[in-house]
Amino acid sequence: MQTLQDRIRHTLEQKNAILLAHYYQRKEIQEIAHFLGDSLELARKAQQTKHDIIVFAGVKFMAETAKILNPDRKVLLPSLEAGCSLADSCPPDEFAKFKEQNPDHLVVSYVNTSSEIKAMSDYICTSSNAQKVIESIPNTRPIIFAPDKNLGHYLNKVTNRNMLLWDGVCTVHEAFSMEKMTNLKLANMDAKIIAHPESDPVVLDIADFIGSTSALLNYVINDSSEKYIIATEVGILNKMRLMAPNKKFIPAPINENNTCACSECAFMKTITLENLYTSIVEEKHEIIVEPELARKALIPLQNMINMN
Ligand code: 13P
Ligand code: SF4
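Residues numbered from 1 in each chain as written. Chains lettered and ligands numbered in written order. Predicted model: local features only at pLDDT ≥ 70, side-chain atom pairs only at ≥ 80, totals over all residues. Heavy atoms only, no water.

> Teacher, can you tell me more about the site of ligand 1 here?
Near ligand 1 there are 14 residues, and of these His22, Ser39, Ser127, His196 and Thr213 occur at the shortest range. In the model, an oxygen atom of ligand 1 is placed 3.1 Å from a nitrogen or oxygen of the glutamate 198 side chain. Protein burial of ligand 1: of its 300 Å² of free accessible surface, 96% is covered by the chains. The residue makeup of the shell around ligand 1, split by class, is four nonpolar, eight polar and two charged. (Near = heavy atom within 4 Å. Polar contact = N/O pair within 3.5 Å; in protein donor to acceptor, adjacent residues only side chain to side chain. Areas by Shrake-Rupley, 256 points an atom, 1.4 Å probe, with all protein chains shown as cover. Nonpolar A, V, L, I, M, F, W, Y, C, P; charged D, E, K, R; others polar.)

Below is the structure:
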């Protein structure tokens, strides 16, 4: 009997569609994706694809980025609930005022933003290339960094700048409990703590390694330790376990207790095999970006893609 995964694979093929998935997606979706990656890798893949349809198993800002970078493709987002707390923490009208108050500043925004914020930016970055993007700007130029204040704080430290930070956060990466993490470390002194730079500075201060989702994955594959406490969204543990099956990965604990007692992005998890299948069959939830907005947002996005 055909499983739902088989039916999705078959329908994707029939429609000449590519399934792109972020590492924070459910395991059963990661298993059938044509391409699995972090936000920068997904943006690059979306731009290069020749498929008629891009089905984006990720969140809205990622699907919009795909549409802006490859406007001739139909881009589908299986769930209308797949937003992002970080992108929502930077409303375009408030950001426009902030920008107006600091007219001499260049704007560097993290890709986790609406298309409107991208259109107001000089540069876009992801966590994979943020340091490189900032270091490419002469250090005499004042910079606004938006929207993630934790990533901004980390970047100020590593690039020795004093960028003006927008006060936004990702609720998923903010949720780690220092008390529980300290106890976990005490019970596992042989484990290294590795963290995504969207995490709170107190978590980053105790981390042995800080990096983007793909950098964390590469680190555990190449590093000689056998045990890690992972301070990022728990979905990446699937790929870590596949790539380094003899190592032990422990999700960093969070303040609240949810079903996994770990950090899950509820937005990413709104995509299921069921709504993914419906979306492909009915070509439902097409992402449309207004052409003038897309034209403006493409400029800093393309600068980022060209840089790396
Ligand atoms: P990266 O995929 O760039 O590491 O970003 C993490 C994230 O929070 C995506 O929403
Ligand atoms: Fe947004 Fe955070 Fe979820 Fe990433 S993990 S999509 S930044 S809410």
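> Could you clarify how one ought to interpret the site of ligand 2 in this entry?
If you check the shell around ligand 2, you find Tyr24, Val59, Cys84, Ser85, Leu86, Asn112, Cys170, Val172, Glu198, Cys265 and Phe267 and nothing else. Grouping the constituent residues of the shell around ligand 2 by class yields eight nonpolar, two polar and one charged.

> Help me understand the side chain of serine 39 in this model?
Considering the arrangement of structural elements, one finds serine 39 in helix α3 (residues 39-48). Under the relative-accessibility criterion, serine 39 is labelled buried at 14%. Residues contacting serine 39, with those up to four places away along its chain left out, are His22, Met62, Val111 and Thr126. (Helix = DSSP H or I, 4+ residues; strand = E, 2+ residues; numbered from the N terminus. Buried < 20%, exposed > 50% of the residue type's maximum accessible area, 1.4 Å probe, protein only. Contact = heavy atoms within 4.5 Å.)

> Just to check I follow, could you spell out the sheet that holds strand β11 (residues 227-231) for this structure?
Reading across the sheet, the four strands line up as β10-β9-β11-β12 and stay open at both edges, with parallel pairing between neighbours. In this open sheet, the two edge strands, each paired with only one partner strand, are β10 (209-210) and β12 (248-251). Bridge analysis of strand β9 (residues 192-195) against β10 gives two bridges, and the strand direction is parallel. Counted as the bridge partner of isoleucine 194 is phenylalanine 209 from β10. (Pairing = 2+ DSSP bridges.)

> What exactly am I supposed to notice about the side chain of asparagine 150 here?
Relative to the helices and strands, asparagine 150 resides in helix α9 (residues 149-159). Here the side chain of asparagine 150 touches glutamate 174 through a polar contact of 2.8 Å, side chain to side chain. Within polar-contact distance, the side chain of asparagine 150 engages the backbone oxygen of glutamate 198 at 3.0 Å. With sequence-adjacent residues up to four places away left out, asparagine 150 is seen in contact with Val169, Glu174, Pro197, Glu198, Ser199, Asp200 and Pro201.

> So what exactly am I meant to see when it comes to the packing of helix α12 (residues 213-222) against helix α13 (residues 236-243) here?
A pair of packed helices is captured by two measures, namely the crossing angle of their axes and the spacing between those axes. Axis separation between α12 and α13 bottoms out at 10 Å; the angle between their running directions is 25 degrees. As summarised for this structure, α12 and α13 are arranged roughly parallel, according to the angle between their axes. The handedness of the crossing between α12 and α13 is right-handed. Facing Thr213, Leu216, Leu217, Val220 and Ile221 of α12, the residues of α13 in contact are Ile236, Lys239, Met240 and Met243. (Axes fitted to C-alpha atoms, helices over the stretch in contact; angles between N-to-C directions. Parallel < 35°, antiparallel > 145°, perpendicular 65-115°, else oblique. Left-handed = near helix turned anticlockwise from the far one by under 90°.)

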